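Architecture and fold: a report
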Amino acid sequence: MKAFIVSFGDSEKYSVPFNGTREEFLHSEEFKHIKDSVFDYVKTKFPEAKYEDVISPEVEDITRHDQDYPVLDADNLGKLKHDVARQVEVKRQDKKMDSDAPYSNVN
């Protein structure tokens, strides 16, 4: 069976078995479920965040050298959601620090 590597931003990469082309995978219910699960989780943590600007799903073709990535099962989907939420939190903190910088007392 064929597989693809899925990640979001700087998250860990996971293997997703899928018997079809990359284009078919990108339009599949399975990939939609992964994206919706991750984005819905982030939305519950940060309802005001524009997380789509911060994180976007990346899909790569798997090669024989990439066989060691963990499969994106239910447990790993939970890890992925937490990882992506952490990325959004870090980006939000960085943005807040950047917006506060002009008013800070820097010596």
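This text goes with the structure placed above it.
Residues numbered from 1 in each chain as written. Predicted model: local features only at pLDDT ≥ 70, side-chain atom pairs only at ≥ 80, totals over all residues. Heavy atoms only, no water.

Once that is clear, we can look at the sheet that holds strand 2 (residues 14-17). Strand order in the open sheet formed by three strands is 2-1-3, with antiparallel pairing between adjacent strands. The sheet is open, and its two borders are formed by strand 2 and strand 3 (57-61), each paired with just one other strand. Across the sheet, the axes of successive neighbouring strands diverge by a mean angle of 35°, strand direction being ignored. Pairing of strand 1 (residues 3-8) with strand 2, which is carried by four bridges, proceeds in the antiparallel orientation. The residue of strand 2 that forms the bridge with Phe4 is Val16. Running at roughly 20° to strand 1, helix 2 (residues 29-45) makes contact with strand 1, strand 2 and strand 3 of the sheet. (Pairing = 2+ DSSP bridges. Helix = DSSP H or I, 4+ residues; strand = E, 2+ residues; numbered from the N terminus. Axes fitted to C-alpha atoms, helices over the stretch in contact; angles between N-to-C directions. Contact = heavy atoms within 4.5 Å.)

Let us now look at the environment of Leu80. By the element assignment, Leu80 lies in helix 4 (residues 74-100). When the C-alpha positions of Leu80 and Ser7 are compared, they lie 8.2 Å apart, and in sequence the two are 73 residues distant.

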